[in-house]
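Each chain, letter by letter, is given below.
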Number of protein chains: 2
Amino acid sequence: MILTVTLNTALDLTYGVPELVPHASHRVSDMSERPGGKGLNVARVLSALGHETAVTGFAGGSTGTVLRELLAGPPQDADTKTGNGATPAAAPITDALVTVAGNTRRTIAVVDRATGDTTQLNEPGPLVTADEWTALLGRYEELLTAADAVALCGSLPPGIHVGAYAELVRLARTAGVPVLLDTSGEPLRRGIAARPDLIKPNADELAQLTGSREPLRATRDARRRGAHGVVASLGPDGMLAVTPDGVWQASPPAKVLGNPTGAGDSAVAGLLSGLVEGLSWPDRLRRAVALSTATVLSPTAGDFDRAAYEELLPRVGIEEHTTAA
Amino acid sequence: MILTVTLNTALDLTYGVPELVPHASHRVSDMSERPGGKGLNVARVLSALGHETAVTGFAGGSTGTVLRELLAGPPQDADTKTGNGATPAAAPITDALVTVAGNTRRTIAVVDRATGDTTQLNEPGPLVTADEWTALLGRYEELLTAADAVALCGSLPPGIHVGAYAELVRLARTAGVPVLLDTSGEPLRRGIAARPDLIKPNADELAQLTGSREPLRATRDARRRGAHGVVASLGPDGMLAVTPDGVWQASPPAKVLGNPTGAGDSAVAGLLSGLVEGLSWPDRLRRAVALSTATVLSPTAGDFDRAAYEELLPRVGIEEHTTAA
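Residues numbered from 1 in each chain as written. Chains lettered and ligands numbered in written order. Predicted model: local features only at pLDDT ≥ 70, side-chain atom pairs only at ≥ 80, totals over all residues.

### Structural notes on the overall build of chain A
Consideration 1: Each helix and strand in chain A was counted, giving 10 helices and 16 strands.
Consideration 2: In terms of overall size, chain A behaves like a compact globule, its C-alpha atoms giving a radius of gyration of 19 Å where 325 residues would be expected to give roughly 20 Å.
Consideration 3: Dimensions of chain A, computed from C-alpha atoms along their principal axes, come out at roughly 55 × 45 × 40 Å.
Consideration 4: Evaluated residue by residue, chain A yields a buried proportion of 50% over its 325 residues. (Helix = DSSP H or I, 4+ residues; strand = E, 2+ residues; numbered from the N terminus. Rg over C-alpha atoms; globule rule 2.2 N^0.38 Å. Buried ≥ 20, exposed ≤ 12 C-beta atoms within 10 Å, placed from the backbone.)

Listed below in structure tokens is the structure:
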């Protein structure tokens, strides 16, 4: 089982409007509602790839109830996009979320159907109490006993201490479970010092962490701060991996247009599933780049265009750097 | 008891953002959630004025549950705005909503805290079935037996026939209960033909109905179509009443700046409470104008600034037209 942790889960609403005009009134022409927060997106992609997955983190209030109902609902539509019968069935996602007193936040993506541009509104998360955090730690340690790998994903809700991810990284390492950390800012800085197996910063997160916008320099610097491996996601330029086994650059075969929301989460799912399946670094990177590119082609986070994924996978370019990591 | 009918109830969310920038991501800095739809706003103002009120209409799904919990919750904050102890306690609002299978819609008002401007996003309402409409009719007829007056408010959800308000007007008239209709478009056109006691169109609704933007001409035309009385709300110009007893123009003492959302609903509450209390037309109009002006000064629909209301009430200008209605 692969475990994902989402401390700041969300109910993600997408509202389509014919055109977004500030200070005007809009009738929403189409809408969708789905469980969100980075770790839940990662879990959905892992599930579509056939991996049994468990999700933990916090959920509460009426919004938390809706989120959990949707999580327990029918399989995601990523699978329905394929034209042939060759796709694996979606594996179950186990709901191991910890119930909190506060109300889970909503995020609203307002999509201008004229231009495709998205305006994002994110509610603040609920205040998590010390007792709720203790309950999460207990649940997490229990889940680690059955986990092949764990991903720690996204921002921290109010009330959670900034070293929370460092604590979760240490517990995973103590339990001998490979741990990937995907967050930003101070929680990332502290988390790296606890020596996670892998981090997956994007260019902005990397620059914020290291002060450098030169990819190779920044990625190496991030690794020196404690992460065993660093895979930097560089948007349309693909990914740069600096690992104990070598340095690779992976590039998508072509630029694609679409919605980049969730592309990073799909990359995490690609890296984590590749790790659990024992794939080589080049193959993990191929999968991560193909999945994240196929996610850009899909309208919603946590979904990917499976036909595009299968078509892209053998065409991802991999270049090994011969200099030392 | 005063009854209000809201066929298209909503959970009204207000999101404050430091500045609304299209196509950017925003952290919501403050938020509130309250039962909405015109009839619920009217009921809240009636309750704050000390009138016992019942609300019916449709509510369903998880959003409907939240709406009903909030409706049953502590009294509204309109009362907390007063500095003295002279305000009447809020009277109870009886929840007589009919449960439907569909999910009650949300509306989101995104308030730019830099400018105060509001961008509105309205979900479509749930599809109401024929059986659910029949259940509403039964509940409505039952409630009419105890009602001193009824207000029919707002838009129709999908599935409800365009003559629905006409049907509800006829049932109220058969029961001998004074009925105020506050809607727009074709439902208003059909509803007027069923001869409601009062309609309260704004300038746009009046122009859409009659083709005229000349207030007196349009208001008289609206009355000829079947309404016994017409009170046109003309925004900062106040209200124009064309009734069997005479024609009056009521004007606020000064222009005010603020959020006009809910001002029309407060005017309905003013007219309806004045009718039930047996006030003269000039006194009803004074109350309606003072209440709607005091609502512009309050940040949320269904609330009014009570101190401003009490200060404005004696200062509303009333002019009687001596020509025939």
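After that view of the structure, there is still more to cover.
### Looking at the interface of chain B and chain A
By a widespread convention, an interface's size corresponds to the accessible area lost as its parts come together.
Consideration 1: The partner chain A presents 24 residues to the 23 residues of chain B that form the contact.
Consideration 2: Contributions of two or more residues to the side of chain B that touches chain A are made by β3 (25-27), α2 (61-71), β8 (105-112) and β9 (118-122) of chain B.
Consideration 3: Take the side of chain B that touches chain A: its biggest share by element is 5 residues, from β9 of chain B.
Consideration 4: Split into classes, the residues belonging to the side of chain B that touches chain A amount to 11 nonpolar, 9 polar and 3 charged.
Consideration 5: In this structure, strand β9 (residues 118-122) of chain A lies alongside β3 of chain B, joined through 3 bridges in parallel fashion. Following the sheet pairing, N122 of chain A is matched in β3 of chain B by R27 of chain B. (Contact = placed C-beta atoms within 7 Å. Nonpolar A, V, L, I, M, F, W, Y, C, P; charged D, E, K, R; others polar. Pairing = 2+ DSSP bridges.)

### Some remarks on the sheet that holds β3 of chain B
Consideration 1: With respect to topology, 5 strands assemble into an open sheet ordered β4(A)-β2(A)-β8(A)-β9(A)-β3(B), the strand pairing being mixed. Two strands in the sheet have a free side with no partner beyond their single neighbour: β4 (30-36) of chain A together with β3 of chain B. When the angles between neighbouring strand axes are averaged without regard to direction, this sheet yields 15°.
Consideration 2: As paired strands, strand β8 (residues 105-112) of chain A and β9 of chain A are joined by 5 bridges and run antiparallel to one another. Within the sheet, the bridge partner assigned to A109 of chain A lies in β9 of chain A and is Q120 of chain A.
Consideration 3: Contacts from helix α2 (residues 61-71) of chain A reach β2 (10-17), β4 and β8 of chain A, with the element oriented near 90° to β4 of chain A. (Axes fitted to C-alpha atoms, helices over the stretch in contact; angles between N-to-C directions.)

### Overview of the relation of the copies chain B and chain A
Consideration 1: With an axial shift of 0.0 Å and an RMSD of 0.0 Å, the rotation relating chain B to chain A amounts to 180°. Read as a symmetry element, the transformation amounts to a two-fold axis. (Least-squares fit on C-alpha atoms with pLDDT ≥ 70 in both.)

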